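Survey of secondary and tertiary structure
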Amino acid sequence: MPSSAARASANPFFAFASSLWPHVRRWGVPVFGIVVLGLLASHAHKVDWAGAWQALWRYSPLVLLAALGLATISHALYGCFDLIGRHHTKHKLPRLQTWAIAVTSYAFNLNLGSLVGGVALRARLYARAGLDEATIAQIVGISLATNWLGYGLVAGSLFAAGLIAPPSQAHIGATALRVLGVCMVLLALGYVVACAFARGRTWRVRGKKLQLPSARLAVVQLVLSATNWALMGAAMYLLLGQQVPYGITLGVLMAASIIGVIMPIPGGLGVIEAVYLALLSGSVKQSTLMGAVLAYRALYYFLPLMWGLVLYGLLEKFSGSDPSGSE
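Overview of the structure. (Residues numbered from 1 in each chain as written. Predicted model: local features only at pLDDT ≥ 70, side-chain atom pairs only at ≥ 80, totals over all residues. Heavy atoms only, no water.)

Let's talk about empty space enclosed by the protein
The criterion, for reference: Cavities and pockets were defined on a 1 Å grid built over protein atoms only: a cavity is a set of grid points that admits a 1.4 Å probe from which the probe cannot escape, a pocket is an open set flanked by protein on both sides within 12 Å along at least five of seven lines, and lining residues are those with an atom within 4 Å of any such point. Grid points are joined across faces, edges and corners, and a volume is the space filled by probe spheres set on the points. Helix numbers and strand numbers start at the N terminus; a helix is a DSSP run of H or I with at least 4 residues, a strand a run of E with at least 2. We call Asp, Glu, Lys and Arg charged. Ala, Val, Leu, Ile, Met, Phe, Trp, Tyr, Cys and Pro are nonpolar, and the rest, Gly among them, are polar.
With the rule as written, the count across this model stands at 1 cavity of 30 Å³ or more. Counted as a void, the largest cavity has a volume near 40 Å³. Taken together, M236, I272, Y276, V293, Y296, R297 and Y301 make up the full set of residues lining the largest cavity. If you tally residues by element for the lining of the largest cavity, the top one is helix α12 (residues 286-318), at 4 residues. Of the residues assigned to the lining of the largest cavity, the class counts are 6 nonpolar, no polar and 1 charged.

Spelled out as structure tokens, the structure:
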């Protein structure tokens, strides 16, 4: 396979795109961030923050406990993503340790960003446990693929079914959104097909041998991830007092999640609030809406970080002392 340099020299457009991308990544994301935060600022002065705190304190203990239960199940289910990677790579770490590493990294990921929690922390803990770089790369890759393929399946289904009406400022019609949804679903299903029929299912990336999982394992990835996203939407549905249809609640949550990932702000702080204000402020009283968002952030982000810190301490204590994983 030709190298990137060879492709660039043979294809002027590729060379131009390669030189342009670092500038887009450097300036495009911050500009997008300014736009999103500007959206938040344009709504922030309209929000009754005192009313939001009052709405937060008016929650019944049973509702908060139910939402916390859904959040806990969701985090536990996410830990199973790395068990898929364990089955695929056939590494010998205990299942409980593998699951604990995934749960810990997810809690850090939500609050500190994907590069810190989803990649760096997970790679460190697996390396300390003795896994090699190629195995770690496959585990991380499978986990990320599981999460976002399930996202594509669920979000695409919502878009294709017409359950999500795009806001006027989005400049995308209902038909275009449905087409986008169909493409997202086909992409997720195409992954299963690729896993079933790709011959050899082995590629070399930077000298590392990578393999697609089996079709059965790919189906498990989609089912677990779709269930996880559904649980997240159910938690917010409860916190909104069931005032918004579940499909719309889930769709807004998924929109907020993807924008939160794109934005280089730890935990999507302010971004998630902006998306909810923009998409649901006309359907729910703003104090109630912001109270629900604050409760969701506390139950799904902050509390799991507390037990994530405990798990991290235990994993560091009982893993090998050599960060490289060598004996």
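Moving on from the model shown.
Points about the nonpolar core
Counted only if it meets this: The nonpolar core is taken to be a set of buried Ala, Val, Leu, Ile, Met, Phe, Trp, Tyr and Cys residues, with the residues joined through side-chain atoms within 4.5 Å. Only protein chains enter the accessibility calculation, which uses a 1.4 Å probe; a residue is then buried when its area is under 20% of its type maximum, exposed when over 50%, and partly exposed in between. The contact criterion used is simple: two residues touch if any of their non-hydrogen atoms lie within 4.5 Å.
L239, M254, Y276, Y296 and Y300 are the most contacted members of the largest nonpolar core, which has 51 residues in total. Taken together, the elements giving at least two residues each to this core come down to α4 (61-89), α5 (95-112), α7 (133-160), α8 (174-197), α9 (215-239), α10 (246-262), α11 (271-280) and α12. Apart from the residues within four sequence positions on either side, M254 is in contact with Y151, V154, A155, L158 and W229. Of all hydrophobic cores here, the second largest spans 14 residues; its members include I101, A127, I139 and L305.

Comments concerning the pattern of salt bridges
Selection criterion: Whenever Lys or Arg places a side-chain nitrogen within 4 Å of a carboxyl oxygen from Asp or Glu, that contact is recorded as a salt bridge.
Applying the stated rule across the entire model yields 3 salt bridges. A salt bridge links R128 to E316, with the shortest nitrogen-to-oxygen separation between them at 2.9 Å. Here the residue R128 occupies a position in helix α6 (residues 114-128), and E316 occupies one in helix α12, the gap between them amounting to 188 residues. A cluster of three or more residues bridged by salt bridges with shared partners is formed by R124, R128 and E316.

A short note on the environment of L112
Within the fold, L112 resides in helix α5. Overall, L112 belongs to the partly exposed group, its relative accessible area being 41%. Distance in space between the C-alpha atoms of L112 and L305 is 9.8 Å, their sequence separation being 193 residues.

A closer look at the packing of aromatic side chains
In this description, an aromatic ring pair is defined by two values, namely the gap between the centres and the angle between the planes. Heads up, the rule is: Only centres within 6.5 Å qualify two rings of Phe, Tyr or Trp (six-membered ring in Trp) as a pair; their planes then separate them into stacked at under 30 degrees, edge-to-face at over 60, and tilted for everything else. Ring-over charges, as used throughout, are those where CZ of Arg or NZ of Lys falls within 6 Å of the ring centre and within 35 degrees of the ring normal.
Evaluation of the coordinates by the stated rule reveals 11 aromatic pairs. Centre to centre, the rings of W148 and W229 are 6.0 Å apart; their planes meet at 45 degrees, and the pair counts as tilted. Here W229 lies in helix α9 and W148 lies in helix α7, a separation of 81 residues in the sequence. A relative accessible area of 3% places W229 in the buried class. Note on Y296 and Y300: the rings are 5.4 Å apart at their centroids and 5 degrees apart in plane angle, and the pair reads as stacked. Of this pair, Y296 and Y300 both sit in helix α12, 4 residues apart, roughly one helical turn. Summarising the burial analysis for this pair, Y296 and Y300 share the class buried. Joined through ring pairs, the aromatic side chains of Y78, F81, Y106, Y296, Y300 and Y301 make up one cluster. Taking the ring centre of Y301 as reference, the NZ or CZ of R297 above it sits at 5.1 Å.

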